[in-house]
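# Chain and residue survey
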Amino acid sequence: MKPEQSKKFLNILLLVSLTWLLMGTGIYWNQPEGRSAFCQVFLLTLLDLLFLVFLFWRLFFTPPEQRGRNLQVVIFLTFKLVCLGFLAITLKRLRNAPDAAALLGIGFMAVGPLVSAVISRRYNETQQG
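Treat the numbers as computed from the prediction; the structure is a model and nothing was measured.

Cut-offs used in this document
Residues numbered from 1 in each chain as written. Predicted model: local features only at pLDDT ≥ 70, side-chain atom pairs only at ≥ 80, totals over all residues. Heavy atoms only, no water. Axes fitted to C-alpha atoms, helices over the stretch in contact; angles between N-to-C directions. Helix = DSSP H or I, 4+ residues; strand = E, 2+ residues; numbered from the N terminus. Parallel < 35°, antiparallel > 145°, perpendicular 65-115°, else oblique. Left-handed = near helix turned anticlockwise from the far one by under 90°. Contact = heavy atoms within 4.5 Å. Nonpolar A, V, L, I, M, F, W, Y, C, P; charged D, E, K, R; others polar. Patch = residues over 30% accessible without salt bridge, like charges linked within 9 Å, V, L, I, M, F, W, Y side chains within 5 Å. Areas by Shrake-Rupley, 256 points an atom, 1.4 Å probe, with all protein chains shown as cover. Salt bridge = Lys/Arg side-chain N within 4 Å of Asp/Glu carboxyl O. Buried < 20%, exposed > 50% of the residue type's maximum accessible area, 1.4 Å probe, protein only. Core = buried A, V, L, I, M, F, W, Y, C linked by side-chain atoms within 4.5 Å. Expected span 1.5 Å × (residues − 1).

The next subject is the packing of helix H2 (residues 32–61) against helix H4 (residues 99–128). Angle between the axes and distance between the axes: these two values describe a pair of packed helices. Contact pair H2 / H4: the axes reach a minimum separation of 7 Å and the direction vectors enclose 25 degrees. Between H2 and H4, the angle is such that the two are roughly parallel. The element H2 and its partner H4 pack so that their crossing is right-handed. Contact residues: H2 offers Gly34, Ala37, Phe38, Val41, Phe42, Thr45, Leu46, Asp48 and Leu49, while H4 offers Ala101, Ala102, Leu104, Gly105, Ile106, Phe108, Met109 and Pro113. Residue composition of the contact of H2 with H4, grouped by class: 13 nonpolar, three polar and one charged.

Put into structure tokens, the structure is as follows:
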């Protein structure tokens, strides 16, 4: 994957995340507790995914001779682990919230990148052929 393709993937991931956010808030529009649980879990999941994307971007698209590369990778990995910790704390705190809202929020971690990759792949194929 080239850097241009990964930027396109990131843009598509952000569009898919916006669609997921609108869908989740629409489903739980009349349930404030469910909407709050979904938004909290979804935003932490999105933040975690973005740090993961930036971590891989840093690993694969920076020249090896660039100074500070290892430090930046450690910083991104640390923030990713912090996001997972916050997600675990949030899920434990939301024990009384609707389970489906938390599952919908965390479901983006699996569905979002897959849908974004398929759309990005289709876009790249139409641009090349």
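There's more to say after this.
For the rest of this paragraph, the subject is a nonpolar patch on the surface. On the surface, Phe56, Leu59 and Phe60 cluster together into a nonpolar patch covering about 300 Å² of accessible area. Following the sequence through the fold, leucine 59 ends up in helix H2. Overall, the relative accessible area of 31% leaves leucine 59 in the partly exposed class.

The next point concerns the nonpolar core. Core analysis: the biggest nonpolar cluster contains 23 residues, and Trp20, Phe38, Phe42 and Phe108 have the highest contact counts within it. Elements with a minimum of two residues in this core: helix H1 (3–27), H2 and H4. Ranked by the residues each element gives to this core, the list is headed by H2, at nine residues. Those residues in contact with phenylalanine 38 that sit more than four places away from it in its chain are Trp20, Leu21, Gly24, Thr25, Ala101, Leu104 and Gly105. By size, the runner-up hydrophobic cluster in this structure holds five residues, among which are Phe51, Leu55, Phe76 and Cys83.

Between the first and last C-alpha of H4 there are 43 Å, a value that for 30 residues agrees with the 44 Å anticipated at 1.5 Å per step. Among all positions in H4, only Ala101, Ala102, Leu104, Gly105, Gly107, Phe108, Gly112, Ser116, Ser120 and Asn124 are buried.

What follows deals with the pattern of salt bridges. Throughout the structure, instances matching the rule amount to two salt bridges. Lysine 80 serves as the salt-bridge partner of aspartate 48, at 2.9 Å between the closest nitrogen and oxygen. With aspartate 48 in helix H2 and lysine 80 in helix H3 (residues 69–93), the pair connects residues that are 32 residues apart, well separated along the chain. By the burial criterion, aspartate 48 is buried, and lysine 80 matches it. In this structure, glutamate 125 and arginine 121 form a salt bridge, with 3.5 Å as the shortest nitrogen-oxygen distance.

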